[in-house]
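Single-letter residue listing:
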Amino acid sequence: MKERIFLSSPHMSDEGFEMQYIKEAFDTNWIAPLGENVNGFERELAEKVGSKAAAALSSGTAAIHLALKAAGVGEGDIVFCPTLTFSATANPIIYQNAIPVFIDSDYETWNMSPKALEQAFEKYPEVKAVIVVHLYGLSADMDKIMDLCKKHNVAVIEDAAESLGTYYKGKHTGTFGDYGIFSFNGNKIITTSGGGMLVSNNEERIAKVRFWATQSRDQARHYQHSELGFNYRMSNVVAGIGRGQLKVLDQRVAKKNYILEFYKKELGGLEGVEFMPSNEWDEPNYWLSSITLTSKVRPTDIFNALEAENIESRPVWKPMHMQPFFERYDFIGEGVSEKLFENGVCLPSDTKMTDEDLKRVVKTIKGLWLE
């Protein structure tokens, strides 16, 4: 069996930055959901993306949940959500007993279509919040989206779980809306094994999120709770991994870009292959190099051929409005997301891949056009 090539797996720094912070946590016995690593990770991540405040949480999903709560979303409220995303974007809407309305993508960004969003506002003018996703590290068209959201005076939450290190017109994704979230799951561009971060320029709301995330324990000698709380705070050990990983984020973005350019050079000439879009205002992290197919070679052919060579690949996200759990909710759009799902392939984009690994991937794929 040939050595496994992963889609996107954890990549610790060669310098061992992570272990330095973990050792500090152990040496000081701060093995808890608080400590200097938690404080430092919040401070350093906020500084990196250009936000005033951050709350380190147990997952990106927890961050979306508390962002919705901070935005005042509650039972019966309508929340617009991209349909082309992972279910973690939509699930917290249900946690708050709110109602998702799914918005289609456009081919220009693969992200939320401003045209479909405008149609959604016309149909649901009472919407409470809009979640915007920056899919696979590609920025959504934030100027158009923010103009529409400001016009309708609605809260904006950016799901930047996949786009840490991505910039839109020189500004970091996750910092345009009222709240931005990042994920440090094992497959993300930097990882803490699990964990997430909520950022905002509203420091008072971030303080409230930290309160909720620690079981809403009131300031009292005894255990007193006046509000519903959650066990969502990040551990000091995990935060130490994050501090070390943050030091190599720029290296990881550079490698992701290198991987995409390698694929473009080797696969760009194949009939019916189109790469994920690029726009002059977008500086993506290219978390996953992705293509669409319009030839006789279908995504399943690529998945099967790569798996036979012990190489991991994935389909593009299946839209939420096509999912059994969410199909009862409304969808606004023209089916662009369905076409991207039908024709899309996420190629191996692991930052530990060598040129030999990349050559192995492209050789396998090219072989399908010779059959």
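It should be noted that the structure appears before, not after, this text.
Residues numbered from 1 in each chain as written. Predicted model: local features only at pLDDT ≥ 70, side-chain atom pairs only at ≥ 80, totals over all residues. Heavy atoms only, no water.

Let's talk about the layout of surface pockets
For clarity, the cut-off: Every definition here rests on a 1 Å grid over the protein atoms only: cavities are sets of points where a 1.4 Å probe fits but cannot get out, pockets are open sets enclosed by protein on both sides within 12 Å along at least five of seven lines, and lining residues have some atom within 4 Å of a point. Grid points are joined across faces, edges and corners, and a volume is the space filled by probe spheres set on the points. Each helix is a run of H or I in the DSSP string that is no shorter than four residues. Each strand is a run of E no shorter than two, and both are numbered from the N terminus. By the convention adopted, Pro, Cys, Tyr, Trp, Phe, Met, Ile, Leu, Val and Ala count as nonpolar, Lys, Arg, Asp and Glu as charged, and the other residues, Gly among them, as polar.
The volume enclosed by the largest pocket comes to roughly 470 Å³. As for the largest pocket, its lining consists of 31 residues, and the residues nearest its centre are Phe86, Asn185, Asn187, Lys188 and Trp317. At the level of secondary structure, the elements contributing two or more residues to the lining of the largest pocket comprise α3 (60-70), α4 (87-95), β8 (179-183) and β13 (314-315). If one sorts the elements of the lining of the largest pocket by residue count, α3 sits on top with three residues. Computed from the structure, the second largest pocket encloses a volume of approximately 150 Å³. Forming the walls of the second largest pocket are Tyr107, Trp110, Glu274, Phe275, Met276, Pro277, Thr292, Leu293, Thr294, Lys339, Leu340 and Asn343. Put simply, the parts of the chain that give the lining of the second largest pocket at least two residues each are β10 (273-275), β12 (290-293) and α11 (336-343). Looking at the lining of the second largest pocket residue by residue, the class counts come to seven nonpolar, three polar and two charged.

Topic: the pattern of salt bridges
Here is the rule we go by: What makes a salt bridge here is a side-chain nitrogen of Lys or Arg within 4 Å of a carboxyl oxygen of Asp or Glu, nothing more. When accessible area is computed with a 1.4 Å probe and restricted to protein chains, residues below 20% of their type maximum are described as buried, those above 50% as exposed, and intermediate ones as partly exposed.
Enumeration over the complete set of coordinates arrives at 19 salt bridges. Here Lys23 ties to Asp27 by a salt bridge, and the two come within 2.7 Å at their closest N and O atoms. Remark: Asp27 and Lys23 occur in helix α1 (residues 17-27); sequence separation between them is four residues, near one turn of the helix. For Asp27, a relative accessible area of 54% puts it in the exposed group. Linked through salt bridges whose partners overlap, the residues forming this network are Glu42, Arg210 and Arg233.

Focus: the sheet that holds β12
In a beta sheet, neighbouring strands are held together by backbone hydrogen bonds and run either parallel or antiparallel to one another. Defined as follows: Only when DSSP finds a minimum of two bridges between them are two strands counted as paired. When checking whether two residues touch, look at their non-hydrogen atoms; a contact exists if any pair is within 4.5 Å. Note on geometry: axes are lines fitted to C-alpha atoms, helical ones only across the stretch in contact, with angles between N-to-C directions running from 0 to 180 degrees.
Pairing in this open sheet of four strands is antiparallel, and the strands run β10-β12-β15-β13 from one edge to the other. Two strands bound the open sheet, and with one partner strand each, they are β10 and β13. The pairing of β10 with β12 spans three bridges and is antiparallel. The residue of β12 that forms the bridge with Glu274 is Thr292. Sheet strands in contact with helix α10 (residues 299-308) are β12, β13 and β15 (344-346), and its direction is about 25° off that of β15.

Re the sheet that holds strand β4 (residues 129-133)
On the basis of which strands lie adjacent, the open sheet formed by eight strands has the order β1-β9-β8-β5-β4-β2-β3-β14 and mixed pairing. The open sheet is flanked by β1 (53-57) and β14 (331-332), the only strands paired with a single partner. Two elements, β8 and strand β9 (residues 196-200), share four bridges in a ladder whose sense is antiparallel. By the bridge assignment, Ile181 is partnered in β9 with Leu198. Here helix α2 (residues 36-49) sits on the sheet and contacts β1, β8 and β9; the angle it forms with β1, its principal contact strand, is near 130°.

As for the side chain of Asn37
The condition is simple: Residues adjacent in sequence count toward polar contacts only when both atoms are side-chain atoms; beyond that, a polar contact is any pair of N or O atoms within 3.5 Å, and within protein one must be able to donate a hydrogen and the other to accept it.
If you trace the backbone, Asn37 turns up in helix α2. The class for Asn37 is buried, based on a relative accessible area of 2%. A distance of 3.1 Å separates the side chain of Asn37 from the backbone oxygen of Tyr21, its partner in a polar contact. Leave out the neighbours within four places in its chain, and Asn37 touches Tyr21, Ala25, Asn236, Ala239, Gly240 and Arg243.

Some details on the packing of aromatic side chains
Formally: Only rings of Phe, Tyr and Trp enter the pairing, Trp through its six-membered ring, and a pair is recorded when the two centres are within 6.5 Å. The plane angle decides the type: under 30 degrees is stacked, over 60 is edge-to-face, the rest tilted. Lysine and arginine charges are scored as sitting over a ring when NZ or CZ, respectively, is within 6 Å of the ring centre and within 35 degrees of the ring normal.
Under the counting rule described, the total for this entry stands at 14 aromatic pairs. Pairing Phe80 with Phe121 gives two aromatic rings, centres 5.3 Å apart and planes at 70°, and the pair type is edge-to-face. Taken together, the residues span a long stretch of sequence, with Phe80 in strand β2 (residues 78-82) and Phe121 in helix α5 (residues 114-123) at a distance of 41 residues. Phe121 carries the same exposure label as Phe80, and that label is buried. A network of ring pairs unites the aromatic residues Phe86, Trp110, Tyr136, Trp287 and Trp317 as a single cluster. Above the plane of the ring of Phe176 lies Lys171, whose end atom (NZ or CZ) is 4.8 Å from the centre. Over the ring of Tyr223 we find Arg217, and its NZ or CZ is 4.0 Å from the ring centre.

Some thoughts on the packing of α5 against helix α6 (residues 142-151)
Using the following cut-off: An angle below 35 degrees is read as roughly parallel, one above 145 as roughly antiparallel, one from 65 to 115 as roughly perpendicular, and any other as oblique.
Running from N to C, α5 and α6 cross one another at 10°; their axes reach a closest spacing of 10 Å. On the basis of the axis angle, α5 is roughly parallel to α6. On the side of α5, the interface is formed by Pro114, Leu117, Glu118 and Phe121, while α6 contributes Lys144, Ile145, Leu148 and Cys149. Here the residues of the contact of α5 with α6 are counted per class, giving six nonpolar, no polar and two charged.

Section: the pairing of β1
Within β1, five of the five residues are buried, which leaves the element mostly enclosed by the surrounding structure. Because side chains alternate across β1, one face comprises the buried residues Ala53, Ala55 and Leu57, and the other comprises Ala54 and Ala56, equally buried. The sheet contact formed by β1 and β9 spans five bridges and is antiparallel. By the bridge assignment for β9, Ala53 is matched with Ser200.

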